[in-house]
Protein chains: 2
Amino acid sequence: MTAADASPLSDLNRARAEFRDELIEAGHLVPSSIDGLYGRSGEFEDVIELIDTRVRAAGKAAHGSKPQRFRFPPVFPRESFERTDYIASFPNLTGAINTFSGDNKAHAALLAERSEGKDWDHFLEPAGTMLVSAACHPAYSMLVGTLPDDGVMLDVYGYCFRHEPAVDPARMQAFRMHEFVQVGTPDQAEGHRNSWVDRGLEVLADLGLDAAPEIANDPFFGRAGRMLAANQRNENLKTELVVRLYGDLDDGTAVVSCNCHRDHFGHTFGISTADGEEAHSACVGFGMERIALAMFRTHGLDTSKWPANLRV
Amino acid sequence: MTAADASPLSDLNRARAEFRDELIEAGHLVPSSIDGLYGRSGEFEDVIELIDTRVRAAGKAAHGSKPQRFRFPPVFPRESFERTDYIASFPNLTGAINTFSGDNKAHAALLAERSEGKDWDHFLEPAGTMLVSAACHPAYSMLVGTLPDDGVMLDVYGYCFRHEPAVDPARMQAFRMHEFVQVGTPDQAEGHRNSWVDRGLEVLADLGLDAAPEIANDPFFGRAGRMLAANQRNENLKTELVVRLYGDLDDGTAVVSCNCHRDHFGHTFGISTADGEEAHSACVGFGMERIALAMFRTHGLDTSKWPANLRV
């Protein structure tokens, strides 16, 4: 064993690679040529649905029929993306979509360069769309204007994309997030976030997972991002529910995120409360693939041996 | 009324815009700033699930537990995309994903140009991934090698992207496709395609839809594409199940597609039959959003008034 192999980082990366390989070997994930992109087996999807049954039940128990259900596709308008300032905070995670808009002649030139093994991306142009990075992002543009007295609560669930290739199976480039979002007064938003910390822990405990809340920050990019991250922590805007997939090798993996956005979306999308103030928003996001992975890690790779109340 | 308004094309476009506006007014679709991109209401999703229940039942009745279920995310490796030659046949529908891979200095330059209202795409680079254009495309790379005697049957279901902004709500840029794919001998593949023409018609009839089979072709790009399209028709490789959403204003909307790929995927992905030949493949793809739209068109916008066996 070399010194590098013995370092904590190497142990962690080895543990991640082993878990990934076990999941692939068991047939739960299908590898691809890209780190962080996997096909899911039918059984993996059954686990996702089992988790979602619990998430839906928790939402219904807490909020009845108040949450308005919306499902957005994995791409959304660039115009909405531009409003969120995501390119300022997370440029490295961004997915911008390009397409070919040329004529026959340009296409022939593209194919000629491609057949010579050359890059052909310079023949493409922006398609007007971006990949969705958080399930709630496409929702805010539909709330432009003035909210009712008790604000609006949304139930959104969809695929998200973040460009962060990694060996860790818990860091996927494409994954699903189920969110409950409250948009309204500062109190309504903060109350929503706070209430879902305990509620999220209950959902995870019922799934047999040992989770703990942690004050956290988003991975804002670069030097300027370090200050944004520190502010987010100091102001207690983000609480993650964390499960230790790799024992003491790291600080655990966030499987649920409870976030106060302050007036970020209210301001940028022009959403007002009934009394004319800029709306605040907050969300709880269940990371569906990460919760599934935590269940495989906790209960084993063979779902037929899981506790009876968790059989898929 | 002007002469232009009275033309068939204008009548068709008006009918499409009216249907889209009705769907939005009824709350089933949420518009965005981009043609062909919509949020879906919870009720719309319930209709999708109703349809999928019937699709799954038809698959089970026909094939038992033979189909292997896989679910792929909406992005897949560029390496796999390159093998399919999609950029040669459908460049205009392609979605290539770009991201930012630069440092602090490049990011500052990006933000400076952006704040001046300039284009910032030239700061981005290919991310190694592409949007999935047909649900089965990410599946073939996992079949590389030699198949068992009776081939492989896959059940795949996922989001697809095609860059074709349109007023017609039935032409979405992002939509779901549920496919049963047979990979094996030429007879196995062709038999699979043929069997699903009648079976698909039954599924649609059970949903109360009046559908008819039509020999069809893919919308291959450009001058060279016209010959590919003619060949596809002449060789009877594509049968679409068509519902008339707009009466006699057009030839109808394909809601299910039954396709013989010949050895296209077997050849490009290196998939062999048990006797060492290049594998053939065929698929049936249910266009989930289009079937839902056909149901709204046929049974009305108020699902509480749908036939009892179709209540969501």
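Thresholds, definitions, all that
Residues numbered from 1 in each chain as written. Chains lettered and ligands numbered in written order. Predicted model: local features only at pLDDT ≥ 70, side-chain atom pairs only at ≥ 80, totals over all residues. Heavy atoms only, no water. Patch = residues over 30% accessible without salt bridge, like charges linked within 9 Å, V, L, I, M, F, W, Y side chains within 5 Å. Areas by Shrake-Rupley, 256 points an atom, 1.4 Å probe, with all protein chains shown as cover. Salt bridge = Lys/Arg side-chain N within 4 Å of Asp/Glu carboxyl O. Lys, Arg positive; Asp, Glu negative; His and termini not counted. Charge placed at Lys NZ, Arg CZ, Asp CG, Glu CD. Helix = DSSP H or I, 4+ residues; strand = E, 2+ residues; numbered from the N terminus. Buried < 20%, exposed > 50% of the residue type's maximum accessible area, 1.4 Å probe, protein only. Contact = heavy atoms within 4.5 Å. Buried area = accessible area lost by both parts, 1.4 Å probe. Polar contact = N/O pair within 3.5 Å; in protein donor to acceptor, adjacent residues only side chain to side chain. Nonpolar A, V, L, I, M, F, W, Y, C, P; charged D, E, K, R; others polar. Pairing = 2+ DSSP bridges. Axes fitted to C-alpha atoms, helices over the stretch in contact; angles between N-to-C directions.

Naming follows an unreviewed UniProt entry, where chain A appears as Amino acid--[acyl-carrier-protein] ligase of Rhodococcoides trifolii.

Student: Mind showing me how you'd approach a negative patch on the surface here?
Tutor: Taken together, Asp149(A), Asp150(A), Asp263(A), Asp275(A), Glu277(A) and Glu278(A) make up a surface patch of like negative charges. Relative to the helices and strands, Glu277(A) resides in the loop between β13 (271–272) and β14 (280–287).

Student: Hey, could you run me through the environment of Phe72(B) in this one?
Tutor: Inspection of the secondary structure assignment puts Phe72(B) in the loop between β3 (68–71) and β4 (75–77). Of the residues examined, Phe72(B) reaches a relative accessible area of 10% and is grouped as buried. With near-sequence residues (within four places) excluded, Phe72(B) lies in contact with Gly39(A), Tyr159(A), Pro138(B), Ala139(B), Met142(B) and Val156(B).

Student: Where do I start with the interface of chain A and chain B in this structure?
Tutor: A common measure of how large an interface is: the accessible area buried when the components associate. Across the contact, 63 residues belong to chain A and 63 residues belong to chain B. At the boundary of chain A with chain B, total buried surface from both sides reaches about 5100 Å², with 61% on carbon and sulfur atoms. Connecting chain A to chain B are eight salt bridges. Seen at the junction of chain A and chain B, the total is 28 residue pairs in polar contact (both at pLDDT 80 or more). Broken down by element, the residue count for the side of chain A that touches chain B peaks at six residues, all from strand β6 (residues 125–131) of chain A. Tallied by class, the residues present in the side of chain A that touches chain B amount to 32 nonpolar, 17 polar and 14 charged.

Student: Hey, could you run me through the sheet that holds strand β9 (residues 174–184) of chain A in this one?
Tutor: Strands pair in a sheet through their backbones, by hydrogen bonds, and they do so in one of two ways: parallel or antiparallel. Spatially, the nine strands line up as an open sheet ordered β10(A)-β11(A)-β12(A)-β14(A)-β9(A)-β8(A)-β3(A)-β2(B)-β1(B), and their pairing is mixed. The sheet is open, and its two edges are formed by β10 (211–215) of chain A together with β1 (29–30) of chain B, each paired on a single side. Here β1(B) runs beside strand β2 (residues 39–41) of chain B; their pairing, made up of two bridges, is antiparallel. From the neighbouring strand, Leu29(B) faces β2(B), where its bridge partner is Arg40(B). The strands touched by helix α3 (residues 42–63) of chain A within the sheet are β8 (152–161), β9 and β14 of chain A, with β9(A) carrying the most contacts at an inclination of about 5°.

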